[in-house]
Amino acid sequence: MQVSSLSNSIISTLGNPESKIPLAIKDTINSSGLTYFSFDAGGKLEGKDRFIDEFGTQIIWLGGLPFFRWIADKTIYKYKGLNPDVDVRVATSQDHIDFAKKILNPSNNEGKNMLKSINDAVDNLPTFKKLFYSKFALATILTFVSYFALTNYKQKTTEKAVIKEYMKKKANDEIMAEKIKEVKTFANFSETTFQGKKSNKTQGKPSFGGLNFQSFMFNPVRNLMIIDAGITTERLHKARNKYEFAEYAIKEGSLLFFMYMAGGWIQKGIEKLFKNRFKTPVDMDLRFINSETLKDAMGTDKLKNEINEFKKLKTPKDVLGYIAQNQDSTIVKGAKISGLIGQFEKTGNIDPGKYIDTEQMKEFVSMLDNFINHSKKSNLPLKDFMKKARNYKIAAILSNIGICCAALGYAMPKIMFEYRKKFSGSKDFHVAKHLEEKLAQSNSAATI
């Protein structure tokens with residue numbers, strides 16, 4: 001891979017609303033900023049507490065779902081003899097099944113294996129669907145459990161550290177030995193659910209009905225929103241005093257906003273500015289904007305005819321039929337470059353086991369048509385117009401990431417610790433102070 005194409009791929013990933021990489025970068029900056037401010041305000045004790053909380057949570061948040069899904073793929077799917085690489089939406093759509101039969105070549109191993117996998121999924125559809133839903137539910141629940149365990153570990157570690165420091169200050173070995181035995185055990189994480197404390201209602205299995213919830217299962221970013229919502233609930237529920245509760249409310253509210261809402265708004269706003277002010281639409285994927293495929297096709301009658309033909313398509317069956325019959329078209333090649341059509345890694349052929357969203361295909365062609373129309377109206381030579389579009393796209397992506405990182409890595413931690421200073425009286429680690437007060441009171445009581 002050339003350096004330029006590698007750079008395009010990296011920057012395109014940063015601008016992909018369904019990629020977890022931008023979320024990971026924002027969260028790392030946020031965690032680093034919070035850890036720095038914690039060390040500065042509360043010293044080593046709070047810095048360690050924050051480091052465990054932030055970076056431990058990040059590992060669980062980003063790695064929990066893929067890890068537990070991988071375990072499910074290697075165990076329950078393998079036991080049932082079914083292929084987890086087949087999207088359940090493909091197995092439940094006759095249009096996608098017919099599409100797979102059209103494009104797969106059963107005379108080679110690639111086509112034969114995938115065709116068998118899809119047929120097995122269809123023949124065992126009830127089991128295949130249950131496996132998918134079970135994998136989603138188990139991966140989500142086990143990720144929550146991992147986070148709850150981390151929270152208990154962090155709070156116990158901090159509490160023990162506070163007790164150790166307190167006992168050193170007292171310089172009383174007998175009191176220290178007695179109090180270490182009396183360390184209060186935090187509530188077992190099983191007493192905490194996604195909503196906080198146990199409800200009196202019967203806990204049933206998660207419901208997977210409805211298209212809105214399904215969008216969370218199939219979109220990796222929205223899937224993480226579920227985990228983030230659970231983490232936010234748990235952090236607020238486990239807050240050790242009212243000041244920590246308020247700080248978590250500031251922190252988690254800002255994080256959820258800049259992770260899942262502001263990024264999309266900022267990106268669209270910048271792209272709209274470039275389109276209206278500079279007459280250059282940059283809503284397509286950077287990899288396609290800067291590809292030889294688009295450069296070679298721009299301004300040709302062939303591409304114009306392809307777009308006109310595609311715009312006549314109405315149903316998902318029509319769109320899939322077009323893709324099957326026109327695999328060498330600029331539209332299909334562009335969709336593959338943009339990640340809208342899945343490919344086999346070894347050959348680059350279309351992988352029909354991956355779901356193709358036909359509505360996204362229509363949006364893609366609409367963006368392509370708009371891009372071509374603006375290029376015709378531009379006074380710039382085609383080469384210069386495409387170069388300008390590429391540079392604007394890069395600027396939009398990096399500006400979006402930069403704004404969100406600045407807000408999460410500096411502005412939000414600054415606000416959080418200024419809140420602490422104003423309402424708790426200082427920037428010191430108030431959790432430690434709170435525990436020390438309990439220890440002082442427990443000289444005559446049997447609890448912390």
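Refer to the structure printed above.
Residues numbered from 1 in each chain as written. Predicted model: local features only at pLDDT ≥ 70, side-chain atom pairs only at ≥ 80, totals over all residues. Heavy atoms only, no water.

Visitor: Account for the side chain of His 96, with residues named and values stated.
Guide: Secondary-structure assignment places His 96 in helix H4 (residues 94–103). A distance of 2.9 Å separates polar atoms of two side chains, one belonging to His 96 and the other to Ser 93. Within polar-contact distance, the side chain of His 96 engages the backbone oxygen of Ile 356 at 3.1 Å. Non-local contacts of His 96, meaning those with residues more than four positions away in its chain, are made with Val 90, Leu 320, Tyr 355 and Ile 356. (Helix = DSSP H or I, 4+ residues; strand = E, 2+ residues; numbered from the N terminus. Polar contact = N/O pair within 3.5 Å; in protein donor to acceptor, adjacent residues only side chain to side chain. Contact = heavy atoms within 4.5 Å.)

Visitor: Got a sec to walk through the nonpolar core? Specific residues and values, please.
Guide: The biggest cluster of nonpolar side chains holds 82 residues, and the ones touching the most others in it are Trp 61, Ile 323, Ile 331, Met 361 and Leu 368. Filtering out sequence-adjacent residues up to four positions away, Ile 331 remains in contact with Glu 306, Ile 307, Phe 310, Tyr 322, Met 361, Phe 364, Val 365 and Leu 368. In this structure, Leu 14, Leu 286, Ile 397 and Cys 405 belong to the second largest nonpolar core, which totals seven residues. (Core = buried A, V, L, I, M, F, W, Y, C linked by side-chain atoms within 4.5 Å. Buried < 20%, exposed > 50% of the residue type's maximum accessible area, 1.4 Å probe, protein only.)

Visitor: Lay out helix H15 (residues 316–325) with the relevant residues and their values.
Guide: Here H15 has its buried residues at Val 319, Leu 320, Gly 321, Tyr 322, Ile 323 and Ala 324. For H15, the secondary structure elements touched by its buried residues are H4, helix H14 (301–310), helix H16 (330–337) and helix H17 (358–377).

Visitor: Describe in detail empty space enclosed by the protein, supporting the description with residues and values.
Guide: Inspection of every chain in the model, using the stated rule, returns three cavities of 30 Å³ or more. Quantified by volume, the largest cavity comes out at close to 70 Å³. Lining the largest cavity are 10 residues, and of these Glu 46, Asp 49, Arg 50, Glu 244 and Glu 247 lie nearest its centre. Secondary structure elements with two or more residues in the lining of the largest cavity: helix H2 (21–80) and helix H10 (242–260). A class-by-class count of the residues in the lining of the largest cavity yields two nonpolar, one polar and seven charged. In this structure, the second largest cavity occupies an estimated 60 Å³ of space. Around the second largest cavity sit Asp 27, Ser 31, Glu 54, Thr 57, Gln 58, Trp 61, Asp 228, Arg 235, Lys 251 and Leu 255, which together line it. Among the elements that make up the lining of the second largest cavity, the one with the highest residue count is H2 (six residues). (1 Å grid on protein atoms, 1.4 Å probe; cavity = no way out; pocket = protein on both sides within 12 Å on 5 of 7 lines; lining within 4 Å. Points joined across faces, edges and corners; volume = space filled by probe spheres on them. Nonpolar A, V, L, I, M, F, W, Y, C, P; charged D, E, K, R; others polar.)

Visitor: I'd like a rundown of the packing of H17 against helix H18 (residues 382–424), residues and numbers included.
Guide: The geometry of H17 relative to H18 is characterised by a closest axis approach of 10 Å and an angle of 130° between their N-to-C directions. Taken together, the axis directions place H17 and H18 in an arrangement best described as oblique. H17 and H18 meet at a crossing whose hand is right-handed. Judged by residue contacts, Phe 371, His 374 and Ser 375 of H17 engage Leu 382, Phe 385 and Ala 389 from H18. Residues that form the contact of H17 with H18 fall into these classes: four nonpolar, two polar and no charged. (Axes fitted to C-alpha atoms, helices over the stretch in contact; angles between N-to-C directions. Parallel < 35°, antiparallel > 145°, perpendicular 65-115°, else oblique. Left-handed = near helix turned anticlockwise from the far one by under 90°.)

Visitor: Requested: an account of the environment of Ile 350, with residues and values cited.
Guide: Mapped onto the fold, Ile 350 is located in the loop between H16 and H17. Accessibility expressed as a relative area gives 4% for Ile 350, which makes it buried. Those residues in contact with Ile 350 that lie beyond four places of it in its chain are Phe 99, Ile 103, Ile 323, Gln 327, Val 332, Lys 336, Ile 341, Gly 342, Gln 343 and Phe 344.

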